[in-house]
Amino acid sequence: MIGRIWAIALNTFREAARIRVLYGILVLVVGANLLALVLGEMAVHDESRVARDIGLAGISLFGSLTAIFLGVFLLYTEVQRRTIHAIVSKPIERWEFVVGKYLGMALVLSVLVVVFGLAMGGMLLWQGGGVTAAVGKALILSWFEVLVVAALAIFFSSFSTPFLSGIFALALWVIGRVTPDIERATQAASPAISAVTKVVLRIVPDLHLFSVSGRSLDGNAVSVHGDFVPWSYVGLASLHGIGWIVWLLAFAAVLFHRRDFV
Amino acid sequence: MADLAIEVAELKKTYRTPFRRKKVEALRGVSFSVAKNQIFGFVGPNGAGKTTTIRTLMGLIRPTSGTAKLLGHAIPSRLARTRIGFLPEAPYFYDYLTVGELLDLAGRLFGLDATTRKQRADRLIERVGLDRARAQSLKKFSKGMLQRAGLAQALMNDPDLVVLDEPMSGLDPSGRKEVRDLILELRDQGKTVFFSTHILSDVEAITDRVAIVARGVLVGEGTPAELVNRHILGIDVVVRVPREADAELTAAPAGITRIRRLGDELGCTLPADTDVEAWLARAHDQGAKVVQVVPRHETLEDLFLRRTSDPAPGEPPAVAS
């Protein structure tokens, strides 16, 4: 089982490499760092603050957009091009194929996060800001955010077209990042609206958990530039992310299992 | 039964069109069986249900009803698929891979170790004549080369049963001969080969048994000899006779066809139920000398056209890929 899943994952990673997705990632990294340099020069104090903000925002934004872009095509293209015929006719279960595709994409996205992280770290060291534990924690949280978004995209890709999947995944990414704000905004509304909103938000991944810098957590302000979340928070948020990934992949596998490949 | 490689019973598949939800019956109760160590040809016109049957057997499509077993395992069976090699119709593989990488991927999915993968890939690449294209990505392959790569990946697991959907498609005459030779070689190795095609000369040349499918149902099954020998379509006769005798000799019996004159010879096809001796006696009276009398048997092509052309009363034509 592991061997088959790994074979699909490796092939998915190879595809991303061959179609030059990884070069695209490098371009994004260079672009983001150039932006950080320019904005850092414009900042009166603390250029490293700009580098951290741009670096983390870059990982979250470009990572999530790459996850959506790659994810929505992942299963759809296999079915449309009929490449899947030569694969699922071999002794592999369809869920293994879905998991393998996801892991391959997760590998690509991890490369993106690592390259972004290294670039940001290099920039911080160059500017004399140093790489703190808070930066490490924020990186791990961003990585999980990207992995959850990838699972969202692959879930929609298991039954929908890339266009619709992209819209759904993008919408859930945006909603997921502002769930506390939506909840707060609807508190003043009627109890019915508030209740419905709460239920709806329960079925959306809480992506804001992965980008807590600048927010208030249990009444305390947390920031990657100062007091940040403890490691226990990072662990729990990561588990939360893994839970969502497992659920989304399970649903994707069930939907994919029921499909006819004509 | 242990000696059957494929058992299909009353297999049905009904699709619904996306918006109007109109029913399309691709398979309307297909039943047949394939004994082990046979070459079985599955023929039919476009849209007959050949590919739908094969995709159902390979687990790509779920049947609406009916049952099927591959090597004794009810479909879909992962266990059975470990012993089956499959070439899809007009195969499309990951075009960023080389043929070696494609075979390596197939080997990994079959659970082969690295040494076996390498050895088999090398042997198969050479066997299908792609040795010189090893370094090229599949993107640069012609249709015929892709077909060869597809055959190679179908044989990576040294299968007991090989299922080939239109394996001769896209190949030139020499390529088709190579595939025919390969299929015969596989049978000699004790394997079962099930292949679909609409190239009837290939079927007549190599199959042990044939099934003809049309409009989602089987319309004939047997050995090529069994299927075609049952019918004599007419008797081809050629006699050397003066031109003046043509009208007299072709006037009776009714139904004489393919009348032609080649120099001093008259040729025609008498109806199958003609009293040939009486006709020849009449010809002799006109001064004819017999050159040739040959009963014209039905060819597989005749049978194919006859069985697949006219839908049974009340049967709407079915559409299948």
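Residues numbered from 1 in each chain as written. Chains lettered and ligands numbered in written order. Predicted model: local features only at pLDDT ≥ 70, side-chain atom pairs only at ≥ 80, totals over all residues. Heavy atoms only, no water.

Draft legend 1. Structural view of the packing of aromatic side chains. Inspection of every chain in the model, using the stated rule, returns 17 aromatic pairs over all chains. Measuring from ring centre to ring centre gives 5.3 Å for Phe256(A) and Phe261(A), while their planes differ by 50 degrees; the resulting arrangement is tilted. Geometrically, the ring pair formed by Phe42(B) and Phe194(B) is tilted, given 5.3 Å between the ring centres and 40 degrees between the ring planes. Here Phe42(B), found in strand β3 (residues 39–43), pairs with Phe194(B), found in strand β8 (residues 192–197); they are 152 residues apart in sequence, far enough to count as distant. The burial state of Phe42(B) is the same as that of Phe194(B); both residues are buried. (Phe/Tyr/Trp six-rings, centres within 6.5 Å; stacked < 30°, edge-to-face > 60°. Helix = DSSP H or I, 4+ residues; strand = E, 2+ residues; numbered from the N terminus. Buried < 20%, exposed > 50% of the residue type's maximum accessible area, 1.4 Å probe, protein only.)

Draft legend 2. Layout of the nonpolar core. Counting 144 residues, the largest nonpolar core has Phe97(A), Tyr102(A), Leu141(A), Ile6(B), Phe32(B), Ile183(B) and Phe194(B) as the members making the most contacts within it. Ranked by residues supplied to this core, first place goes to helix α6 (residues 133–157) of chain A with 17 residues. With residues near it in sequence (within four places) discarded, Phe194(B) still touches Ile6(B), Phe32(B), Val34(B), Phe40(B), Phe42(B), Ile54(B), Val162(B), Val163(B) and Leu164(B). (Core = buried A, V, L, I, M, F, W, Y, C linked by side-chain atoms within 4.5 Å. Contact = heavy atoms within 4.5 Å.)

Draft legend 3. Broad picture of a nonpolar patch on the surface. Taken together, Leu35(A), Val38(A), Leu39(A) and Met42(A) make up a surface patch of nonpolar side chains, about 380 Å² in accessible area. Of note, Met42(A) is situated in helix α2 (residues 21–42). (Patch = residues over 30% accessible without salt bridge, like charges linked within 9 Å, V, L, I, M, F, W, Y side chains within 5 Å. Areas by Shrake-Rupley, 256 points an atom, 1.4 Å probe, with all protein chains shown as cover. Salt bridge = Lys/Arg side-chain N within 4 Å of Asp/Glu carboxyl O.)

Draft legend 4. Fine view of the packing of helix α1 (residues 2–18) of chain A against helix α3 (residues 99–109) of chain B. Two elements in contact, α1(A) and α3(B), have axes whose closest approach is 8 Å; the angle formed by their N-to-C orientations is 155 degrees. One way to sum up the angle between α1(A) and α3(B) is to call them roughly antiparallel. The chirality of how α1(A) crosses α3(B) is left-handed. Between α1(A) and α3(B), the contacting residues are Arg4(A), Trp6(A), Ala7(A), Ile8(A), Leu10(A), Asn11(A), Arg14(A) and Arg18(A) on the first element and Glu101(B), Leu105(B), Arg108(B) and Leu109(B) on the second. Counted by class, the contact of α1(A) with α3(B) contains six nonpolar, one polar and five charged residues. (Axes fitted to C-alpha atoms, helices over the stretch in contact; angles between N-to-C directions. Parallel < 35°, antiparallel > 145°, perpendicular 65-115°, else oblique. Left-handed = near helix turned anticlockwise from the far one by under 90°. Nonpolar A, V, L, I, M, F, W, Y, C, P; charged D, E, K, R; others polar.)

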